[in-house]
Every structure is written in structure tokens, then in C-alpha cells.
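# Notes for the structure review
Spelled out, the chains give:
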Amino acid sequence: MATAPNSDLQDSRSGAGRSGESDYRLVTRIVHRDEGAFGAIYDRYSRVVYSVALRVVRDAGIAEDILHDIFLNLWRSPQQFDGARGKLAPWLAVIARHRAIDWIRKQHPQEDLSEVQLVADEDLAGEVERKSAIERVRVALNALPEKQRVALELAFFQGLTHADIAAQAGEPLGTIKTRIRSALLSVRRALER
Amino acid sequence: MNTHEVSADDLALFAMHSLEPADVSRISGHLGACISCRTELQRIRTDLAAVALTTPEVAPPPRARERLFAEIGEESIHQLGGSPKPAAAAHPRWWAATTYTGALMLAIAAGLLWTENARLRFQLTALRQVLHQEQTQHQQEQAALENASHVLAMLNSRSTMRVRMAAGPAKREPQAEAIYSREQGRLLLMASNLRSLPAHKAYQLWILPMQGAPISAGVLKPDAKGSAMMMCPQAPAVEAKGFALTVEPEEGSPAPTSSPVLVGEVPS
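Our subject in this report is the structure included herewith. Given the structure is predicted, the values throughout are model-derived calculations rather than measurements.

Each value, and the rule that gives it
Here the residue index of a chain counts from 1 through its sequence in written order. Chains carry letters and ligands carry numbers; both start at the beginning, A for chains and 1 for ligands, and go up in the order they are written. Under the rules for a predicted model, residues below a pLDDT of 70 receive no local features and side-chain atom pairs below 80 are neither given nor counted, while totals for whole chains, interfaces and linings still include all residues. Only hydrogens and water are removed before side-chain values are computed, so all heavy atoms of the structure are retained for them. Secondary structure elements follow DSSP: runs of H or I no shorter than four residues count as helices, runs of E no shorter than two count as strands, and numbering proceeds from the N terminus. The classification of residues rests on relative accessible area computed with a 1.4 Å probe and restricted to protein chains. Under 20% of the type maximum is buried, over 50% is exposed, and intermediate values are partly exposed. When checking whether two residues touch, look at their non-hydrogen atoms; a contact exists if any pair is within 4.5 Å. Buried area counts how much accessible surface, traced with a 1.4 Å probe, disappears from two parts once they are put together, with both parts' losses summed. Throughout this description, the term salt bridge denotes a Lys or Arg side-chain nitrogen within 4 Å of a carboxyl oxygen of Asp or Glu. The term polar contact refers here to a pair of N or O atoms within 3.5 Å; inside protein, the definition further demands a hydrogen-donor-capable atom paired with an acceptor-capable atom, and it admits residues adjacent in sequence only when both atoms are side-chain atoms. Pairing of aromatic rings covers Phe, Tyr and Trp, the last through its six-membered ring, and needs centres within 6.5 Å; plane angles under 30 degrees mean stacked, over 60 mean edge-to-face, and all others mean tilted. In this scheme, Lys NZ or Arg CZ marks a charge over a ring once it lies within 6 Å of the ring centre and within 35 degrees of the ring normal. A pair of strands counts as paired when DSSP detects no fewer than two bridges linking them. Take the buried Ala, Val, Leu, Ile, Met, Phe, Trp, Tyr and Cys residues and link them wherever side-chain atoms come within 4.5 Å; each set so joined is a nonpolar core. One less than the number of residues in a helix, times 1.5 Å, gives the span that helix is expected to have. To obtain the bend at a residue, axes are fitted to the seven residues ending there and to the seven starting there, and the angle between these axes is taken.

### So, the overall build of chain A
Regarding its fold elements, chain A presents 9 helices and 0 strands. Ordering the α and β elements of chain A from the N terminus gives α-α-α-α-α-α-α-α-α. Across the 193 residues that make up chain A, the buried fraction comes to 56%. The long-range fraction of contacts in chain A, counting pairs at least 24 apart against all pairs at least 6 apart in sequence, stands at 60%.

Written as C-alpha cells, this is what we have:
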């Protein structure tokens with residue numbers, strides 16, 4: 001969380017972008033209602049949130065609303081971000097995807113932000129490391145067998161349940177589950193490389 | 001290694017909100033009691049974040065930023081109690097000056113109080129965070145201690161049987177030891193030199209009862225050196241005549257589908 005008195009976290013390179021100040025420090029300043037810090041976080045990550053939401057909902061207006069809600073939530077409850085749970089970029093990317101899927105399904109948010117916990121992955125923390133890691137993941141996704149890639153795309157970016165995908169593909173549920181899991185294992189191997 | 005009713009496949013779908021409500025509540029219940037599944041879930045979410053981050057970046061329109069900052073600006077004004085109303089014109093000048101001075105002092109006092117309030121809220125949040133972290137750490141330590149205590153009790157128990165399973169005498173041959181306590185309902189397997197398996201395959205441990213079909217005790221995957229250890233904390237209490245290890249699909253099979261890689265009989 002932003003308020004955790006951990007100097008390692010404060011001094012880490014996590015998300016230190018062009019302004020040089022780490023995400024952790026900026027979120028701590030947001031707890032003090034510092035609009036300048038909030039603006040820096042917005043400028044750093046609004047593209048990530050907007051792009052993921054847009055990819056899912058395919059509507060610029062809706063993606064803008066999702067972006068607005070997520071950052072307003074971050075302003076109102078910055079303590080929901082825990083530096084020990086994972087870095088801000090991956091966390092926001094997952095939140096953007098979940099909120100966009102909730103919108104597609106016309107559901108209320110399925111989980112509290114504080115419940116979305118990630119492993120703190122150094123490869124996704126700093127801007128330079130993240131770009132390199134994401135490129136590896138992109139290559140791994142492109143190299144996936146077509147059926148695995150499609151199953152992951154349908155489940156993750158289109159919000160279909162595995163039952164929907166199985167019905168659409170005319171294949172057993174277990175096969176779809178295994179394809180999705182295998183695709184994610186390829187992603188993990190790419191991250192760990 | 002997975003000895004749960006929750007498979008890694010299900011955890012991936014859970015992380016994506018792609019399961020039916022009945023499965024969601026089943027897995028949520030399991031996650032509350034299983035540290036390894038919670039850890040794996042966090043790892044899967046990180047994998048998913050990496051997938052999300054492969055999305056080519058598109059800049060939001062500038063009006064999105066303006067709209068957001070207009071809203072948080074309004075909220076800040078409301079938190080401060082709004083702008084002061086003008087003083088009534090009917091009063092004499094000295095009264096107006098007094099009113100303005102009073103209003104100024106009140107505004108300063110309000111500002112100081114707001115700052116103090118923000119500071120206290122920040123401290124409270126920090127303390128809650130520390131408390132939460134300590135509670136989580138305490139729970140994890142308790143769980144580890146409890147597990148270690150069970151293992152120790154089982155290893156020290158006279159009634160615990162130890163069965164070594166081996167394919168041959170060579171040093172690098174796969175071998176495993178099954179430690180089973182019927183009365184405690186616990187089964188520990190320690191294996192080494194296991195061959196690496198293709199993706200989607202895992203080793204599955206079977207209890208061979210005196211009567212009836214083999215009973216699954218869970219699936220496991222060895223590490224890069226071929227070593228594996230698995231604790232089955234709720235093993236069925238049966239009279240075992242032996243134990244066996246087979247290669248199965250990673251989600252496990254209801255009955256062995258291949259010849260045992262390792263097998264061991266309980267000494268008579």
C-alpha cells in the first residue's frame with residue numbers, strides 16, 4: 001500500500017518514468033491529496049488504462065468513462081494500491097480489463113480493487129524493463145498455436161466464459177481450459193526468460 | 001504440484017472472471033484456506049497483466065484529463081466546505097471588517113483542521129496497513145508452523161510406515177519414499193531423480209489398498225533437478241499394501257492410465 005513505510009519500495013525503480021519519481025512516492029503524495037502527483041500518475045498510465053479498456057469495449061466513449069472511473073477511484077482511495085502487491089502499470093492494466101469486461105456483461109464490479117493482488121514482478125516494474133518483457137510476451141503470444149491464442153483472446157479480451165468458447169468452438173470444456181492455461185504458461189515462460 | 005480439488009486451469013479462469021457462479025464460490029472458499037493457490041492466483045494475475053500490457057498504446061483524448069481534474073477539483077472544494085458567502089451590506093464598515101477578519105480566521109482554522117485531519121487519516125491508513133501486513137505474516141507463519149508440526153508428529157509416530165520405491169539400483173534412477181500414517185490421514189512423498197515430463201503431464205501418486213482400486217493421493221511435478229515433495233494432508237485412511245507413481249495428464253486421472261514409474265509394497 002502507498003503508506004507502507006518501506007524505504008526499499010520508495011526508492012525502487014518501480015514505474016519511475018520520465019519524471020524520475022517512483023510510482024510509490026507519487027501514490028504516497030496522492031494520499032496527501034497532491035494533485036500534481038496524481039497528474040504525473042495519470043500522464044504515466046492513462047494510455048495503458050485507456051488502451052486496454054478500448055481493446056475490450058471497442059468504443060472510445062465507454063473506454064473514456066472506464067478510464068475516468070479508475071483514476072477517480074485511485075484519487076479517492078489511493079490506499080487501495082499496495083506497492084507490495086505489484087507495480088502500478090500491471091495492476092492498472094488488470095483493473096482496466098476487469099472493469100471493461102464488467103461493462104460488457106452489464107455487471108457491477110466483480111471484486112474490490114484491494115482484492116486484486118499481483119506478484120511484484122521486477123520485469124514489469126520499470127519502464128525499460130517492462131518494454132523488454134512485454135516484447136518477449138508479444139513474441140510468445142504470436143508464436144502460440146492458433147487455437148490457444150484464440151482461446152486466450154476470447155476469454156481475456158472478449159470476456160467469454162470457457163463454456164461460451166467451448167460451445168463456439170464445438171470442443172470439450174476441458175480442452176478449452178487446457179488451451180487457456182497452456183497459453184498463460186507460455187506467457188509466464190516469456191516473462192521468466 | 002497440486003493436491004487440490006482446484007486445478008491450475010480453474011484458477012486461470014477464476015482470475016479472468018470466466019467461471020460460472022457455482023465454481024466461483026467453490027474456488028473462493030478454497031482460496032481462503034490455501035496459501036499456495038492464493039500465491040498461484042497472484043502469479044496468474046501477473047501473467048494476465050503482461051497479456052493486457054501487450055495492447056498497443058493509444059492516447060486518450062485531452063478532454064478526458066480535463067474532465068477528471070474538474071471533478072476532483074470540485075470534490076476538493078466540497079471537502080473544504082465551499083467558498084465563503086459575501087457579508088451582508090447593511091452592517092457598518094467596522095462590522096464588515098470584523099466579519100471578514102473572523103471569516104479569515106475561520107478559514108485558516110478550517111485549513112489547519114483539514115491538514116491535521118489529512119495527516120491523521122494518513123497515519124491511520126499507515127497503521128492499518130502495517131497491522132494488515134503483520135496479520136498476514138502471522139497467519140502464514142502459523143500455517144507453516146502447523147504444517148511442520150504435523151510432519152514432525154507423523155515422522156516421529158511409531159505407526160507411520162515408510163516405503164521406499166525404486167526402479168533399480170543405479171544412483172541416478174528415479175526413486176521415492178512414501179510416508180503414510182493411516183491414523184493421522186496423512187501421506188508424505190519425497191522423490192528424486194524423476195524424469196522431466198512433457199507439458200500437460202504430471203506424476204500422480206496412488207495408494208494401493210488391500211482391496212479395491214488404486215486411490216489417488218494427488219499429482220505433482222518435479223523441479224528442474226527431478227526432485228519433488230508432496231504432503232497429502234487428508235489422505236484416505238485405508239489399509240495400504242503399497243504405493244505407486246504413474247504419469248498422467250496434469251489435472252490427474254480418476255484411475256491410473258499408464259504403467260507405474262515407481263512402485264513400492266508395504267513390508268509384511
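### Some remarks on the interface of chain B and chain A
Contacts between the two partners involve 53 residues from chain B and, on the opposite side, 70 residues from chain A. Counting the surface chain B buries against chain A, the share from its top three residues, His17, Arg45 and Leu53 of chain B, is 12%. The closest approach of N and O atoms between Arg47 of chain A and Glu57 of chain B, which form a salt bridge, is 3.3 Å. The interface formed by chain B and chain A includes 17 residue pairs in polar contact (both at pLDDT 80 or more). Where the side of chain B that touches chain A is concerned, the elements lending two or more residues are α1 (8-15), α3 (35-53), α4 (62-79) and α5 (93-156) of chain B.

### Considerations on the side chain of His162 of chain A
Tracing the chain through its elements places His162 of chain A in helix α8 (residues 162-169). There is a polar contact of 3.2 Å between the side chain of His162 of chain A and the backbone oxygen of Ser18 of chain B. Excluding anything up to four places from it in sequence, His162 of chain A contacts Leu173, Ile176 and Lys177 of chain A together with Leu13, Ser18 and Leu19 of chain B.

### Overview of the packing of aromatic side chains
Summed over all chains, the structure comprises 7 aromatic pairs over all chains. Taken together, a centroid distance of 5.5 Å and an interplanar angle of 45° make the contact between Phe38 of chain A and Phe69 of chain B tilted. Pair noted here: Phe38 of chain A is in helix α3 (residues 35-57) and Phe69 of chain B is in helix α4, and the two residues belong to different chains. Considered together, Phe38 of chain A and Phe69 of chain B belong to a single accessibility category, that of buried residues. By the ring-pair criterion, three or more aromatic residues cluster together here, those being Phe38, Tyr42, Phe71 and Trp75 of chain A together with Phe69 of chain B. When the ring centre of Phe157 of chain A is taken as reference, the NZ or CZ atom of Arg55 of chain A above it lies at 3.6 Å. The ring of Phe69 of chain B is capped by Arg65 of chain B, whose NZ or CZ atom sits 4.6 Å from the centre of that ring.

### A look at the pattern of salt bridges
Here the structure, examined in full by the defined rule, presents 22 salt bridges over all chains. For Asp23 of chain A, the salt bridge goes to Arg44 of chain A, with nearest N and O atoms at 2.6 Å. Pair noted here: Asp23 of chain A is in helix α2 (residues 23-31) and Arg44 of chain A is in helix α3, with a separation of 21 residues, a long-range link. In this pair, the class of Asp23 of chain A matches that of Arg44 of chain A, namely buried. Linked by salt bridges that have partners in common, Arg181 and Arg188 of chain A together with Glu40, Arg43 and Asp47 of chain B make up one network.

### Topic: unusual backbone geometry
For Arg33 of chain A, which is not a glycine, the phi torsion comes out positive at approximately 60°. Counting through the fold element by element, Arg33 of chain A comes out in the loop between α2 and α3. A positive phi is found at Asn193 of chain B, a non-glycine position, where the angle reads about 60°. Residue position: Asn193 of chain B is located in the loop between β3 (186-192) and β4 (201-209).

### A look at the pairing of strand β5 (residues 215-220) of chain B
All names here are of chain B. One ladder, built from 5 bridges, connects β4 with β5; its direction is antiparallel. By the bridge assignment for β5, Tyr203 is matched with Leu220. Following β4, the chain reverses through 5 residues before pairing antiparallel with β5; Gly212 in that reversal takes a positive phi of roughly 95°.

### As for the environment of Glu20 of chain B
With respect to the secondary-structure elements, Glu20 of chain B resides in the loop between α1 and α2 (21-31). Not counting the four nearest positions on each side in its chain, Glu20 of chain B is found in contact with Thr161 and Ala163 of chain A.

### Section: the nonpolar core
Counting 79 residues, the largest nonpolar core has Ile41, Phe71, Leu152 and Ile180 of chain A as the members making the most contacts within it. Ranked by residues supplied to this core, first place goes to α3 of chain A with 12 residues. The contacts of Leu152 of chain A, once residues within four sequence positions are left out, are Leu141, Phe157, Ile180, Ala183 and Leu184 of chain A together with Met16 and Val51 of chain B. Listed in part, the 23 residues of the second largest apolar core include Ala178, Leu194, Tyr203 and Leu262 of chain B.

### Notes on α3 of chain A
All names here are of chain A. An ideal rise of 1.5 Å per residue puts 33 Å on 23 residues; α3 reaches only 29 Å between its terminal C-alpha atoms. At Tyr45, α3 shows its largest kink, close to 50°. Where α3 begins, the side chain of Asp34 points an oxygen toward the backbone nitrogen of Gly36, at a separation of 2.9 Å. Directly beyond the C-terminal end of α3, a positive phi value near 55° is found at Arg58.

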